[in-house]
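Here is what each chain is made of, one letter per residue.
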Amino acid sequence: MKIDIFKAFDTVQWPFVLKTLMAMGFPESFIHWIRLCITTPSFSVQIDEAVREKRFQYHPRCKSLSLTHLCFADDLMVFVEGTKESIEGVITVFDNFSTWSGLMISLEKSTIFMAGIPDHTQTLILTNFPFAKGKFPVRYLGLPLMTKTMTKQDYLPLTEKIRTRISTWTSRFLTYAGRLQLISSEIMSIVNFWAFAYRLPGQCIKEIEQLCSAFLWSGPELKTTGAKVAWKVMCTAKEAGGLGIRSLKEVNKVYGLKLIWRMLSGNSLWGQWVKLNLTKKKSFWELSNKSQQGSWMWKKILKLPSIAKTFQKRQLVMGRTSPSCSRIGRRREFYQIYWVREVSLISASEEKPRLRRVYLAKEGGEGTEL
């Protein structure tokens, strides 16, 4: 469910916010600062106790993480089991919260998304509650949430935002150098926001590059002819004769690798969910790139491990024990420098597992391969 907060700014009770900060143990000086300059609404909905009291049930794919909701600013998503009883329980929780805080929930403006639920159950839910029935894709935090491969209609808001930005009246008076700066900074920032979450389709990248090339050479008129140098050449380094513009194809790949890094080296909620629901007890490096599990985005990520493996680093430390090298009896453990955590000196994904290259480094000298 995507919940709409009715007039959040006007209805929030500031004493409730300040008392909540006090209850959470914030310093008095900090609470005083908030009291002086508070200007925007902030809230957190606590519904874990309601789950423990079995007023509603977890969503089947969220139970392992005890995940009930995601909240950012005034955007709130709630995940529950697709039954009438669970939805009634959630509404009861929000009614209690409204009494405490003054934040009213507008069910008429809220949306419910249902999948894998029988038609008669969906009809019963929509009949008993004034939710609007939503369908994917839906925008959340400025990005579309999709269940299928990104289509032209899905990335249209991205290209239109770029087109609008380069067609404004302020862009009409920019010189060639000014247009180059706009592309390198603002336009690339817009693309980065999308690429951070999705692997953009090749056609999308092609359209954006065409827009940028036309803007660079002809300004807001966006003439498709007249380019004096190929875009591929302009995306090379300045030392190589280019303009230092980042290649969107490479940007797309780098952000895909960053998603792998975040999943395996951090402790993000998304990474935990992936490990419990997709990789399960397997190592990420052993997963097949032809797996049918997960979303289209997950299948895109599974095509990158061969590139990600080139960034793995390992180091064999010999000598005195350091904080990074612990002693077990008379043996000393291998100390490994990880780009990601789930790596080992032996590759289990190869048909014939073999020990990877190990270098013995002399102090102050070059390493010798063992």
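Note that the structure is predicted; figures quoted are calculated from it, not measured.

1. Quick look at the pattern of salt bridges
Taken as a whole and assessed by the stated rule, the structure comprises 4 salt bridges. Of the charged contacts in the structure, one is a salt bridge between Glu 88 and Lys 84, with a shortest N-O distance of 2.7 Å. Note that Glu 88 and Lys 84 are positioned in helix 5 (residues 84–101) at a spacing of 4 residues, about one turn of the helix. Look at Glu 88 and you get partly exposed, because its relative accessible area is 34%. A salt bridge links Glu 207 to Lys 152; the nearest nitrogen and oxygen atoms lie 3.9 Å apart. Taken together, the residues span a long stretch of sequence, with Glu 207 in helix 9 (residues 202–218) and Lys 152 in helix 7 (residues 152–166) at a distance of 55 residues. Among the residues examined, Lys 152 registers a relative accessible area of 53% and is labelled exposed.

2. Observations concerning the packing of aromatic side chains
In the structure shown here, the tally under the stated rule is 6 aromatic pairs. With 5.9 Å between their ring centres and 20° between their planes, Tyr 198 and Trp 296 make a pair best called stacked. Of this pair, Tyr 198 sits in the loop between helix 8 (176–195) and helix 9 while Trp 296 sits in helix 13 (residues 296–301); the two residues are 98 residues apart in sequence, bridging distant segments of the chain. The same class applies to Tyr 198 and to Trp 296, which are both buried. Centre to centre, the rings of Phe 284 and Trp 285 are 5.4 Å apart; their planes meet at 75°, and the pair counts as edge-to-face. Three or more aromatic residues joined by ring pairs form one cluster here, namely Phe 284, Trp 285 and Trp 298.

3. Quick notes on the state of the cysteines
Throughout the structure, instances matching the rule amount to 0 disulfides. No disulfide involves Cys 235; its sulfur sits 8.7 Å from that of Cys 212, the nearest cysteine.

4. Thoughts on unusual backbone geometry
In terms of backbone geometry, most residues other than glycine have negative phi values and most peptide bonds are trans. Even without a glycine there, the phi angle at Leu 222 is positive, about 55°. The topology assignment puts Leu 222 in the loop between helix 9 and helix 10 (231–234). Taking the relative accessible area as the measure of exposure, Leu 222 reaches 17% and is therefore buried.

5. Brief notes about the packing of helix 9 against helix 11 (residues 248–265)
Look at helix 9 against helix 11: their axes get within 10 Å of each other, and the N-to-C directions meet at 135°. Judged by the inter-axis angle, helix 9 sits oblique to helix 11. Here the hand of the crossing between helix 9 and helix 11 comes out right-handed. Here helix 9 contributes Ile 205, Ile 208 and Glu 209 to the contact with helix 11, which in turn contributes Leu 248, Lys 249 and Asn 252.

Reading guide: rules and limits
- Residues numbered from 1 in each chain as written.
- Predicted model: local features only at pLDDT ≥ 70, side-chain atom pairs only at ≥ 80, totals over all residues.
- Heavy atoms only, no water.
- Salt bridge = Lys/Arg side-chain N within 4 Å of Asp/Glu carboxyl O.
- Helix = DSSP H or I, 4+ residues; strand = E, 2+ residues; numbered from the N terminus.
- Buried < 20%, exposed > 50% of the residue type's maximum accessible area, 1.4 Å probe, protein only.
- Phe/Tyr/Trp six-rings, centres within 6.5 Å; stacked < 30°, edge-to-face > 60°.
- Disulfide = S-S within 2.5 Å.
- Axes fitted to C-alpha atoms, helices over the stretch in contact; angles between N-to-C directions.
- Parallel < 35°, antiparallel > 145°, perpendicular 65-115°, else oblique.
- Left-handed = near helix turned anticlockwise from the far one by under 90°.
- Contact = heavy atoms within 4.5 Å.

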